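# Understanding the architecture of this molecule
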Amino acid sequence: CGVFGVRDPQQPAAHLTYLGLFALQHRGQESAGIAVSDGDKIMIDKDMGLVATIFDEHRLQALPGTLAIGHTRYATTGASAWRNAQPVARHAGDVFFALGHNGNLVNTVELAIGHPDADADSDSDVVAALVADALLADAIATAADKTAANKAAADKAAANRTAADKAAAGPEAAAGEIGSTGHDAGVAEKPGNGDLIAALTSVLPRLQGAYSFVVMDETRLIGARDPNGFRPLFLGRCETGGWVLASETPALDVVSAKVVREIDPGEMVVIDDDGVHSIQFAEPARKALCSFEFVYIARPDGKLAGVGVHAARRRMGRALARQSPVDADMVMPIPDSSIPGAQGYAAESGIEYGDGLIKNRYIGRTFIAPNQQLRENAVRIKFNAIEDNVAGKKLVVVEDSIVRATTLRSTMKLLRDAGAAEIHLRVLSAPYRWSCFYGLDTSDRSKLIAATMSVEQIREHLGADSLAYLELDEMLTAISPEPGGFCTACMTGDYPVPVPGLVV
Ligand code: SF4
């Protein structure tokens, strides 16, 4: 998923959020939504589909205000349906808040216990329900505190009056012959509204797994990142002085905001009229930024943890060329995310770089076709081969990763049909053998081809002449020379946050 938030008194927030979501469209194409506040009330507009197909000028004009959050959804927990589109919103007393979530929690079932109103299928809805409950609890506790404070103040006032009465009555009275004037019990406070920041501070440490949140009430923009830092979240500053939160830096670029910094693991930032306030709601845990952000999730024009994604992918390609060289005529990517890796492979190997496949730019998700012939047609909607470039050639075909391999086999056939003499498949990441529970929808391990087949079986299945994956150590070194700090669970089974019920 992609999350975005902006608080800029100088600019229309819904329009900026639209641009930010547009730049984050690659992180989720199932639904999108914007919540906006005019300082008084929050309005939400969300729908299934792509940002550009949901929102037009008319719809954005109906969302006035200078504070907004937005979300593009890729379903991990919960069905791809309107009810699960985000931002999600809740009332608690007079407090109304909205939140958008990138990541996936591993203890949703446990968290949902005692919250029959929450949709246990959606971790984000469960979090909203927990925050609403914490708001009500905070309101009741605050009212109780105020009642106790009223009583203490009343007791003190009564004691003062008694002492004054005794002093006025002289020494004998002071010895106790004149009775106390008594006191009232103090005024009982009715529960008012809880504090959203206090509610979040109490709820967030209970969440396990991956989360980067954007949250808002009528006046404040809030961002929070899990203690492992699985998913990215950036803070940016607009030229006009406003503040922006976004999953990736290109979403800051598109609204002319400068990167200030990343939100730290375990940190919450609260942005109000006075600026940015930082709260460390949990100690940072083992650093575990998703290494697949560098492989294919994040945009290549962005930076994560100070590392340029495009440059990291190029280095992966260079490392792959050193590790698994091959005699060939042309290096070609499977577009788009493999392009920098293929460029790196070509530069390192000295083999000419070329295009063998053209990708249809207007494709969203390919639909699941009911039979093999239709599936092959679906691949042709997405890719077509440039016959003149591939016919009779020995090809190095670079792919960022192989997860289920549902379309890759058909893509290989496309190249064969176009006359490729040899296909040497090179993969920029290590074999994807384990399910991700932190934000990629791969929970059914039986569908992961590397979990059930050897590399040789996969090569045969795909119809390639040779197949090589980049070694994990090489992949991590290509991302960053600093050791550690990344989640690699889908390649190693080493889960930074334990997954209940999972046997590794
Ligand atoms: Fe990323 Fe893989 Fe870890 Fe999931 S399991 S967060 S995809 S590295």
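Check the entry above for the structure.
Below: a short report on this structure. Everything numeric in this text was worked out from a predicted model, so none of it was measured.

Near the ligand, the surroundings consist of Phe 230, Cys 290, Ser 291, Phe 292, Cys 436, Tyr 438, Gly 439, Leu 440, Cys 487, Thr 488, Ala 489 and Cys 490. A class-by-class count of the residues in the shell around the ligand yields nine nonpolar, three polar and no charged.

The next point concerns the sheet that holds strand S21 (residues 422-427). Backbone-to-backbone hydrogen bonds pair the strands of a sheet. The strands run either parallel or antiparallel. Strands sit in the order S17-S20-S21-S22 across an open sheet of four strands; the sheet is parallel. Two strands close off the open sheet at either side, each with one partner strand: strand S17 (330-333) and strand S22 (466-469). Strand-to-strand, the axes of this sheet are offset by a mean angle of 20°, without reference to chain direction. Where S17 lies against strand S20 (residues 394-399), four bridges are found, and the strand directions are parallel. Looking across to S20, one finds that Met 330 is bridged to Leu 395.

Another aspect to go through is the pairing of strand S8 (residues 221-225). Among the five residues in S8, five count as buried, and that is most of the element. The alternating pattern of S8 places Leu 221, Gly 223 and Arg 225 on one face and Ile 222 and Ala 224 on the opposite face, and all of these are buried. Pairing between strand S7 (residues 212-216) and S8: five bridges, direction antiparallel. In the sheet register, Met 216 faces S8, and the bridge partner there is Leu 221. The pairing of S8 with strand S12 (residues 267-272) spans four bridges and is antiparallel. From the neighbouring strand, Ala 224 faces S12, where its bridge partner is Met 268.

The rules we used
- Residues numbered from 1 in each chain as written.
- Predicted model: local features only at pLDDT ≥ 70, side-chain atom pairs only at ≥ 80, totals over all residues.
- Near = placed C-beta within 6 Å.
- Nonpolar A, V, L, I, M, F, W, Y, C, P; charged D, E, K, R; others polar.
- Pairing = 2+ DSSP bridges.
- Helix = DSSP H or I, 4+ residues; strand = E, 2+ residues; numbered from the N terminus.
- Axes fitted to C-alpha atoms, helices over the stretch in contact; angles between N-to-C directions.
- Buried ≥ 20, exposed ≤ 12 C-beta atoms within 10 Å, placed from the backbone.

So far we have only geometry, and geometry alone does not tell us how the molecule works.
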